[in-house]
Amino acid sequence: MESGVELRDVTKRHGRGAAAVVALEGVTAHFERGSFTAIMGPSGSGKSTLLQCAAGLDEPDAGAVWVGGVELGRLGEAARARLRRESIGFVFQAFNLLPALTAEQNVALPLRLAGRRVPRRDVRAALASVGLEDRATHRPSELSGGQQQRVAIARALLSRPATLFADEPTGALDTTSAREALALLRALHDQTIVMVTHDAVAAAHADRVLFLADGRIAGELPDPTPEAVAATMTRLEQ
Ligand SMILES: Nc1ncnc2c1ncn2[C@@H]1O[C@H](COP(=O)(O)OP(=O)(O)OP(=O)(O)O)[C@@H](O)[C@H]1O
């Protein structure tokens, strides 16, 4: 396993005993380096759990995960945190921005933590590309949910992590902003992008859609169109 992201026979349970829920069951999936994959499936099918396990934010009960050729289960917590900081980007609604920092400080943070100097011009350009040039000095609490999401996208654009995980990146955006945000993600073609979404139009921006149902892979669609994605979702929800 040289690069990209790979899950091999991953099983994950939440809770214990009689209340335990099997969120993922024997999931094997390969996200090639530089590919853009959308994950779809009915509510509760395990999409967020898959993303959390693939990103090293949660540990599988069985199976293994590789990111960029590194097996996460073989790393200690400190090494895993370093890998997340240096080569993984997140565009998550609830795992996003530090509340005490301004938008531009949040955008620059991953590079600063990696010891790099970040020209303010570059930070402003990243914010401008998501339409937030006039919000650079606002803190997250002063931004709407959609604007916070766009700050997270600007951060990914600037730091260009090798692997980017996005959970509903367009969920809080209007149609035009969503289309722009997806085009920006799409332009990051040297990165491996794994995006969970409920939106067939958003999913159609990916190279491939992987479907989950009841914690298992239920199919995939290469070169997706919104119509084909919606038809598959309808079938899975029946
Ligand atoms: N912390 C938790 N404790 C107990 N059960 C959990 C926990 N997190 C998730 N689950 C359960 O695991 C299953 C998969 O959840 P997950 O959030 O991965 O699904 P999802 O496909 O992302 O759902 P949605 O589309 O509704 O966000 C669900 O049945 C959910 O109720």
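It should be emphasised that the depicted structure is a prediction, and the values quoted were computed from it without experimental measurement.

Draft legend 1. Up close: the overall build of the protein chain. When helices and strands are tallied, the protein chain shows eight helices and ten strands. Taking 2.2 N^0.38 as the reference for a compact globule, 238 residues should give roughly 18 Å; the C-alpha atoms of the protein chain span a radius of gyration of 18 Å, in line with that estimate. Dimensions along the principal axes, computed over C-alpha positions, put the protein chain at roughly 50 × 45 × 35 Å. Evaluated residue by residue, the protein chain yields a buried proportion of 41% over its 238 residues. Counted over contacts in the protein chain with a minimum sequence separation of 6, partners at least 24 positions apart contribute 67%.

Draft legend 2. Summary view of the sheet that holds strand 4 (residues 62-67). An order of 2-1-4-5 is seen for the four strands of this open sheet, with the pairing classed as antiparallel. Each edge of the open sheet carries a strand with a single partner, namely strand 2 (21-31) and strand 5 (70-71). By the bridge criterion, five bridges tie strand 1 (residues 5-14) to strand 4 in an arrangement that is antiparallel. If you follow threonine 11 over to strand 4, its bridge partner there is alanine 62. With respect to the sheet, helix 1 (residues 47-54) is in contact with strand 1, strand 2 and strand 4, its orientation differing from that of strand 1 by roughly 120°.

Draft legend 3. Local environment of the environment of arginine 208. If you trace the backbone, arginine 208 turns up in strand 9 (residues 208-213). Remark: the alpha-carbon pair of arginine 208 and aspartate 223, spanning 15 residues in sequence, is separated by 5.6 Å. Setting aside its immediate chain neighbours within four residues, arginine 208 contacts Ser35, Thr37, Glu220, Leu221, Pro222 and Pro224.

Draft legend 4. Up close: the pairing of strand 6 (residues 88-92). With four of five residues buried, strand 6 is to be regarded as a mostly interior element. By the bridge criterion, five bridges tie strand 6 to strand 7 (residues 163-167) in an arrangement that is parallel. If you follow glycine 89 over to strand 7, its bridge partner there is leucine 164.

Draft legend 5. Region of interest: the site of the ligand. Inspection of the region around the ligand gives His14, Gly15, Val21, Ala23, Gly41, Ser43, Gly44, Ser45, Gly46, Lys47, Ser48 and Thr49 as its neighbouring residues. Looking at the shell around the ligand element by element, the count peaks at three residues for helix 1. Split by residue class, the shell around the ligand holds two nonpolar, nine polar and one charged.

Draft legend 6. Focus on the sheet that holds strand 8 (residues 192-196). Sheet architecture is open: six strands sit in the order 6-7-8-3-9-10, paired in mixed fashion. Two strands close off the open sheet at either side, each with one partner strand: strand 6 and strand 10 (216-222). Recorded for the sheet is a direction-independent mean angle of 20° between the axes of neighbouring strands. Sitting on the sheet, helix 1 touches strand 3 (36-40), strand 7, strand 8 and strand 9, and the angle it makes with strand 8 is about 150°.

Calculation criteria
Residues numbered from 1 in each chain as written. Predicted model: local features only at pLDDT ≥ 70, side-chain atom pairs only at ≥ 80, totals over all residues. Helix = DSSP H or I, 4+ residues; strand = E, 2+ residues; numbered from the N terminus. Rg over C-alpha atoms; globule rule 2.2 N^0.38 Å. Buried ≥ 20, exposed ≤ 12 C-beta atoms within 10 Å, placed from the backbone. Contact = placed C-beta atoms within 7 Å. Pairing = 2+ DSSP bridges. Axes fitted to C-alpha atoms, helices over the stretch in contact; angles between N-to-C directions. Near = placed C-beta within 6 Å. Nonpolar A, V, L, I, M, F, W, Y, C, P; charged D, E, K, R; others polar.

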